[in-house]
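Here is what each chain is made of, one letter per residue.
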Amino acid sequence: MSELVRVDLEPLGRSLEVESGSPLQDLLFANGVEFPCGGRGKCKRCRVRVLSGKLTPTEEERQILGDADVEAGWRLACRARVEGPVKLDVAQWETTILTDESVFEFTPSSGLGVAVDLGTTTLVAQLLDLATGRVLAVRTALNPQAAYGADVMSRVELAVAGGGAAKLRDLVRDEIGRMVGELAEGHALDHRKVRDVVIVGNTVMHHLFCGLPLDNLARAPFETDGDGLVSFKARELAWPLPEETRVRFLPCLGSFVGSDILAGIVATKMHQSDQLVALIDLGTNGEIVVGGRDRMICASTAAGPAFEGGRISMGMRAATGAISAVSVDDGRLSCKVMGGGAPRGLCGSGLVDAVAAGLELGAISARGRIKHGKSWEILSPVRLTQNDVRELQLAKGAIAAGVRILLARLGAAPSDVTRVYLAGAFGNYVSRASARRIGLLDFPLDRIEPAGNTALLGAKLALFSAGLGEELHSRVRSTTEHLSLAADPAFQDTYVDEMLFPAA
């Protein structure tokens, strides 16, 4: 057995013991550090600094980081192995995971149920008393697949070209099984067994969890016919639940429009609306639904990771040290730093605010050019670079173009939409005024409503009807058109137009 050595993580204030020779990536990922490029040594976002002890740099690290950074103690966590006791300065990637405490109508049943939101980055599971609808317990975690890439296409590539489908499947099945087992252990008395688990997620998460082939999602036209309801028994998954407990992964709506959006439609009741409404999930894979009772159109658009701080020079998740809000007071920038300490970077909401402030102050032009120099200081040492602005333009342009095209298909304009529901963590925290200022959301502010975790709420609603997944899939799909934006002849020109920022 290898010798156990101590690893101190600062500023987390955590001390851990691991076997000598252990990959540092495994240790840090379990403690919330992200590896956006999947540990390929390409993004340099997993840098750590040796405060004491030793991590011998590899020649590859010297080539990627440069001799000056290596001599200053910087290492790539995805390339290092623990040699002996070491103290590391690590970015504190503690993620705020959005749960749901909504009050909703339901028909009482018996026993317990578990609703799971399987996200690309995070996992949330809630245990419910089906007689009262009360949430008894919650578990949250990072998606362990994220160690192999922050975005869905990295995982599709690993699954299809890298032969990693089974590994990705088992990682997430085991983690969710652990979470629901912990939930059940504390509450499942003899007369209140867990009898149903409902899972929702995007199309890639659906396919990976269910063990379905992803080949068609790896190449154009990115269409799949394996998007239906998939059911298991707990014994098939080797989960610590009664063997006959049913586990349902709700069906998707189409290519890259997953069951998380189906659940969101149910949660917001937009499929029952007599008026024109929209549901927008702002993320790396932006998903949009526009319509109402008689007809809905849905689409996905590759917004990229800018809304989550990805590909931003000083970007980070919404965690301690992130600038999460920026405003203009008397012609000067005023910033909010999460945790109240020194700033370390910009999260997605801070990025949107910063660019909106730059437009207001005239520091950034409508074409997205930083007017004085190649970067703009937000709050020392955090700066916004020209490339950062371009990344946000790409992200917001994709979403705005998708909305415009879907509305055009319905013969409608933004002013015709009576309610816009923003789903997911980013949509819950982004400033509506800033989103409108940069042209991300071209709707009156009083019609934009942060809707929280609609995916989790929709999964909970499905627990109270045995056939809800099947019934809704049929009913919603019959009134919903899935549009491939990439195949739409108007998309490219619209996308280019929407990359511009609105004039003051």
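Calculation criteria
- Residues numbered from 1 in each chain as written.
- Predicted model: local features only at pLDDT ≥ 70, side-chain atom pairs only at ≥ 80, totals over all residues.
- Heavy atoms only, no water.
- Salt bridge = Lys/Arg side-chain N within 4 Å of Asp/Glu carboxyl O.
- Helix = DSSP H or I, 4+ residues; strand = E, 2+ residues; numbered from the N terminus.
- Buried < 20%, exposed > 50% of the residue type's maximum accessible area, 1.4 Å probe, protein only.
- Contact = heavy atoms within 4.5 Å.
- Lys, Arg positive; Asp, Glu negative; His and termini not counted.

S.K.: For this particular structure, what's the right way to read the pattern of salt bridges?
M.R.: When the charged atoms of two side chains lie near each other, side chains of opposite charge can form a pair. By the definition in use, this model includes 21 salt bridges. Of the charged contacts, one joins Arg 139 and Glu 182 as a salt bridge, the two residues approaching to 2.9 Å between their closest N and O atoms. With Arg 139 in strand β8 (residues 135-142) and Glu 182 in helix α5 (residues 165-187), this pair connects stretches of sequence that are 43 residues apart. Owing to a relative accessible area of 33%, Glu 182 belongs among the partly exposed residues under this scheme. In this structure, Lys 233 engages Glu 244 in a salt bridge whose closest nitrogen and oxygen atoms are separated by 4.0 Å. Placement of the pair is Lys 233 in strand β10 (residues 230-233) and Glu 244 in the loop between α7 (234-237) and β11 (246-249), with a sequence separation of eleven residues. Look at Glu 244 and you get partly exposed, because its relative accessible area is 47%.

S.K.: Can you walk me through the environment of Phe 491 in this structure?
M.R.: With respect to the helices and strands, the residue Phe 491 is situated in helix α15 (residues 491-498). Between the C-alpha atom of Phe 491 and that of Ala 401, which follows or precedes it by 90 residues, the distance is 6.8 Å. Excluding residues that lie within four positions of it along the chain, Phe 491 makes contacts with Thr 301, Ala 398, Ala 401, Gly 402, Ile 405 and Leu 485.

S.K.: Would you mind showing me how to read the side chain of Glu 391 here?
M.R.: Note that Glu 391 resides in helix α10 (residues 386-409). As a buried residue without a salt bridge, Glu 391 has its nearest oppositely charged side chain in Arg 311, at a separation of 4.2 Å. Beyond its immediate sequence surroundings of up to four residues, Glu 391 is in contact with Ala 306, Arg 311 and Ile 312.

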